[in-house]
Amino acid sequence: MQGEIEHISIEGIISAVPENEVCNDDYVAKIENRRVKKQILLTGIDRRRVTIGEQKASDLAVVAADRLLNHLKWERSEIDVIIFVTQSPDLVRPSTAFLIQDRLGISKDCMVYDINQGCAGYIVGLTTICSILQVTRGKGLLLVGESNAIDGEEVDRNALLEGDAAAATALQYQEDTTPMKFINHCDGSRANYLYKTLNNFAYMDGNAVLLFGLSDVADSVKKFISDNGMDVADIDYYVFHQAQKMIVDGIAQEVGIPEDRCLNSCQLFGNTSSASVPLTICLGKEKRKLTGRKKLLLCGYGIGLTWGIIMLDMDMDVVFPIMESNYTFEDRKKFYL
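Residues numbered from 1 in each chain as written. Predicted model: local features only at pLDDT ≥ 70, side-chain atom pairs only at ≥ 80, totals over all residues. Heavy atoms only, no water.

1. Examining the overall build of the chain
Under the convention used in this document: Strands are runs of DSSP state E lasting at least two residues, helices are runs of H or I lasting at least four, and both sets are numbered from the N terminus onward. Computation of the radius of gyration draws on C-alpha atoms, with the globule rule given as 2.2 Å multiplied by the number of residues to the power 0.38. When accessible area is computed with a 1.4 Å probe and restricted to protein chains, residues below 20% of their type maximum are described as buried, those above 50% as exposed, and intermediate ones as partly exposed. Between two residues, a contact is recorded if the distance between any of their heavy atoms is within 4.5 Å. Using a 1.4 Å probe, accessible areas were evaluated by the Shrake-Rupley method; residue-level cover was limited to the displayed protein chains. When charges are counted, neither His nor the chain ends are considered; positive counts come from Lys and Arg and negative counts from Asp and Glu. A charge is said to be at NZ when it belongs to Lys, at CZ for Arg, at CG for Asp and at CD for Glu.
Scanning the chain from N- to C-terminus turns up nine helices and 16 strands. By the compact-globule yardstick of 20 Å for 337 residues, the chain fits well, its C-alpha radius of gyration being 19 Å. Expressed as lengths along the three principal axes of its C-alpha atoms, the size of the chain is roughly 55 × 55 × 40 Å. Across the 337 residues in the chain, those meeting the buried criterion constitute 57%. In the chain, 79% of the contacts between residues at least 6 apart in sequence involve partners at least 24 apart. Counting every atom, the chain has about 15200 Å² of accessible surface; 48% of that belongs to carbon and sulfur. Of note, the chain has its 35 positive side-chain charges centred 2 Å away from the centre of its 47 negative side-chain charges.

Following this line, the structure appears as structure tokens:
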């Protein structure tokens, strides 16, 4: 699926991470495994943020959204739609978006729901909420986040990839905007490469996922750029899902993207699934002191298998610093959790 989104403006992005920081080198000392040492070098993930206690992805998302709404001075009654993209909801049902609507004090005249998406979740979420706002001509909140990382004595090598984070993006309808161009792909025949069962058994074929990134994803990025009559150099910055350094670097090399054009965050925060793209934008703005309008190519890819791209012109002045929070909302007690 491909298309163009008109009349939608991103008014703000803010990301939130837990205060609890975990250093992967600490695990090496605990388990003394040479394969783990090698994995840390290959993935480029030095440290991650991990939730503790009862904190969930929704807690991080609400804290981020609340600060963003206050900064923008948006009335809570103005929000038409809330979408929460996550694979770690608070409940099996209903959607966690209902809890978020209540916590934020959003009007009942609002549509809310979850999207069960992982690594391409921000791209899917943006495409979805922008399509809705084109009809309602109002304001919306896209929230993304995961809290899957494990901080414990029993650690498998896949756990060393995962970090916890969330992000909130505020969008609104505006006539005078540069269109966003997007494309989305999926291949359910390869869903067995990366999955988790209902009894919590998780599996990943690392080599197959790596090849998927270096072939399907890289080829799609090259074709997307070419089909839009552009060259690699015409895009200011590329923001890929931060699966791990080896995959991100490999895709960039296949496409021919200079290293200084790629924003990165996995070294400090790990693989944060649907939150990785906005988190990387926030970190990139902060580290590189980016200001003014920039042309960004955002690319998410992973579980499904799915991959998608959005190209947009964005005002980097509406991107806010990453915030830290260990806050947990008390309403969880209503559900005997």
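Picking up where we left off.
2. Points about the environment of G125
With respect to the helices and strands, the residue G125 is situated in helix α5 (residues 121-136). Considered as a pair, G125 and T328 are 203 residues apart in the sequence and their alpha carbons are 24 Å apart. Leave out the neighbours within four places in its chain, and G125 touches V85 and L142.

3. Topic: the domain arrangement of the chain
Selection rule: Segmentation of the chain into domains, including their bounds, is taken from an automatic or database domain assignment. Buried area is a sum: the accessible area each of two parts loses on coming together, probed at 1.4 Å, counted once for each and added. Put simply, a salt bridge is a Lys or Arg side-chain nitrogen that is within 4 Å of an Asp or Glu carboxyl oxygen.
With domains assigned, the chain is organised as domain 1 (2-177 + 321-334) and domain 2 (180-318). The gap between the C-alpha centroids of domain 1 and domain 2 is 17 Å. Counting residues at the interface gives 46 residues for domain 1 and 41 residues for domain 2. Both sides together, the interface formed by domain 1 and domain 2 hides about 3700 Å², and carbon and sulfur atoms give 66% of it. Where domain 1 meets domain 2, there are zero salt bridges.

4. Observations concerning helix α9 (residues 276-288)
We count it as follows: A helix is expected to reach a length of 1.5 Å times the quantity of its residues less one.
Between its first and last C-alpha, α9 extends 17 Å over 13 residues, near the 18 Å set by a 1.5 Å rise per residue. Most of α9 sits inside the fold, with ten of its 13 residues counted as buried. Those residues of α9 not exposed but buried are S276, V277, P278, L279, T280, I281, C282, L283, G284 and K285. In the stretch just after α9, K289 is the one whose phi turns positive, near 55°.

5. Observations concerning the sheet that holds strand β6 (residues 111-115)
Rules: By this definition, two strands are paired if DSSP reports at least two bridges between them. Here, axes are lines fitted to C-alpha atoms. For helices the fit covers the stretch in contact, and angles between N-to-C directions go from 0 to 180 degrees.
Judged by pairing direction, the sheet is mixed, and its six strands sit side by side in the order β6-β5-β7-β8-β2-β16 without closing on themselves. Edge positions in the sheet fall to β6 and β16 (323-324), since each has one partner strand and no second. Strand direction decides the pairing type here: strand β2 (residues 8-17) and strand β8 (residues 165-173), joined by eight bridges, are antiparallel. Bridge assignment links S9 to a residue of β8, and that residue is Q172. Together, β2, β7 (139-146) and β8 form the strand contacts of α9, whose direction differs from that of β2 by roughly 90°.

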